Amino acid sequence: MTTGPALFVRYAFAPNRLGYCGPADAGALLEYGALGRADGGFRALAKQFEGAWPQLRLIAAATGTADPLDREVVEAYWIGNRLLDRAGDARGGLPHHSFQVFCLYPWADLLGDERRRAQALRVLDQCRIRWGRVIADTADQVVVESRPLVWDGTQLALGPPQQETAIRGFDGVRLIERLDPGDWVSLHWEWVCDRLTPDQLVALRHYSAHHLGLVNERLTQRRGGLAGMSGPRIP
């Protein structure tokens, strides 16, 4: 079974390589993931993920788990599992990556800005952990069918399935084995993170939908508040 640190790298590497979060040395992170080992150096790298690391610590503390890099804790944050039900907050948010993306980052609030909408929607879609069904695996690239986020002017939702090409390896390093057509995988930015079990697929869909509902509720309330500020209508 994949260790907690190795699983962390599979999900964290893509935004780190793009320079969005984590340490400056993405190559070192990838090397740790390929070797599947963890030491003080790896832990120092993981702590530089300012979004993920506090959430891992929160899950570990709430569930009595000694190590934030325990495999089940890491899985809870990126994919979702039973640990999250013991680590929620009064607002309904859970320490899941979809909560970070939809409810804490500013991108959802930019969807009402016509000039920034396209970029905001792309970031929301690519930054969340997505799921897709493999169509073909061609060594370093994988063709998958997934459902992108769409915005109808009032709500975020999952659109119709469409094909996209994602990366399975980088600089000759592949963190997961060859995939077969029909496999379900998780995706982060343009990167294939892992093959999903049926239970993991259900969990990822469930927790993503939960936080999608929260952000849509917030956006609805925000529109109502802005409408209330417009003043009375003149007959």
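Residues numbered from 1 in each chain as written. Predicted model: local features only at pLDDT ≥ 70, side-chain atom pairs only at ≥ 80, totals over all residues. Heavy atoms only, no water.

Here we look at helix α1 (residues 4-17)
To keep things clear, this is the line we draw: For the purposes of this entry, the term helix denotes a DSSP run of H or I that reaches at least four residues, the term strand denotes a run of E that reaches at least two, and both are numbered from the N terminus. What a helix is expected to span follows from its residue count: subtract one and scale by 1.5 Å. Here's how the labels work: a residue is buried when its accessible area is under 20% of the maximum for its type, exposed when over 50%, partly exposed in between, all with a 1.4 Å probe on protein chains only. Polar contact criterion, stated in full: a pair of N or O atoms within 3.5 Å, where within protein one must be able to donate a hydrogen and the other to accept it, and residues adjacent in sequence count only if both atoms are side-chain atoms.
Here α1 is 14 residues long and its end C-alpha atoms lie 20 Å apart, about the 20 Å a rise of 1.5 Å per residue gives. The buried fraction of α1 is high, at 13 of 14 residues. N-capping of α1 is provided by Thr-3, with a side-chain oxygen placed 3.2 Å from the backbone N of Ala-6. Positive backbone phi, at 85 degrees, marks Gly-19, one or two positions downstream of α1.

Here's the deal with the side chain of Asn-81
Cut-off, in case you're wondering: Throughout, a residue-residue contact means that at least one pair of heavy atoms, one from each residue, lies within 4.5 Å.
Structurally, Asn-81 is set in the loop between α5 (71-78) and α6 (97-104). A polar contact of 3.0 Å, which involves the side chain of Asn-81, links it to the backbone nitrogen of Leu-83. Setting aside anything within four residues of it in sequence, one finds Asn-81 in contact with Glu-72, Glu-75, Ala-76 and Tyr-207.

Regarding the pattern of salt bridges
When the charged atoms of two side chains lie near each other, side chains of opposite charge can form a pair. Rules: We define a salt bridge as a contact between a side-chain nitrogen of Lys or Arg and a carboxyl oxygen of Asp or Glu at a distance within 4 Å.
The tally for this structure, following the rule as stated, stands at 15 salt bridges. Glu-190 is paired through a salt bridge with Arg-17; the nearest N and O atoms lie 2.3 Å apart. Placement of the pair is Glu-190 in the loop between β8 (184-188) and β9 (191-195) and Arg-17 in helix α1, with a sequence separation of 173 residues. Asp-140 is paired through a salt bridge with Arg-174; the nearest N and O atoms lie 2.8 Å apart. Of this pair, Asp-140 sits in the loop between β1 (130-138) and β2 (141-146) while Arg-174 sits in strand β7 (residues 173-174), and the two are 34 residues apart along the sequence. Owing to a relative accessible area of 40%, Arg-174 belongs among the partly exposed residues under this scheme. One network of salt bridges, in which partners are shared, links Asp-113, Arg-115 and Arg-116.

Considerations on the confidence of the model for the protein chain
Stated formally: The predictor attaches a confidence to each residue, and that confidence, scored 0 to 100, is pLDDT.
Model confidence for the protein chain is summarised by a mean pLDDT of 90, while 94% of its residues fall at 70 or above. Here strand β6 (residues 169-170) stands out as the least confident element of the protein chain, with mean pLDDT 78; β8 is the most confident, with 98.

Points about the side chain of Arg-130
Within the secondary structure layout, Arg-130 lies in strand β1. For Arg-130, a relative accessible area of 1% corresponds to the buried category. In this structure the side chain of Arg-130 is engaged in a polar contact, spanning 3.1 Å, whose partner is the backbone oxygen of Trp-189. Excluding its chain neighbours within four sequence positions, the residues that come into contact with Arg-130 are Asp-125, Glu-164, Val-185, Ser-186, Leu-187, His-188, Trp-189 and Leu-204.

Section: the nonpolar core
Heads up, the condition is: Definition used in this section: a nonpolar core is a set of buried Ala, Val, Leu, Ile, Met, Phe, Trp, Tyr and Cys residues joined via side-chain atoms within 4.5 Å.
Ranked by size, the top nonpolar core spans 62 residues in total, and within it Phe-8, Trp-78 and Leu-156 carry the most contacts. Not counting chain neighbours up to four residues away, the residues in contact with Phe-8 comprise Phe-42, Ala-46, Phe-49, Ala-52, Leu-56, Leu-69, Val-74 and Trp-78. Of all hydrophobic cores here, the second largest spans nine residues; its members include Val-134, Val-144, Ile-176 and Val-192.

A short note on the pairing of β2
Successive residues of a regular strand alternate their side chains across the two faces of the sheet. Test applied: For two strands to count as paired, DSSP must find a minimum of two bridges between them.
Of the two faces of β2, the one holding Val-142, Val-144 and Ser-146 is buried and the one holding Gln-141, Val-143 and Glu-145 is not buried anywhere. By the bridge criterion, six bridges tie β1 to β2 in an arrangement that is antiparallel. Looking across to β2, one finds that Asp-137 is bridged to Val-142. The antiparallel pairing of β1 with β2 creates a hairpin that spans two residues between the two strands, and Ala-139 there sits at a positive phi of about 70 degrees. Pairing analysis gives six bridges linking β2 to strand β5 (residues 162-167), with the strands arranged antiparallel. Among the inter-strand pairings, Val-142 is bridged to a residue of β5, identified as Ala-166.

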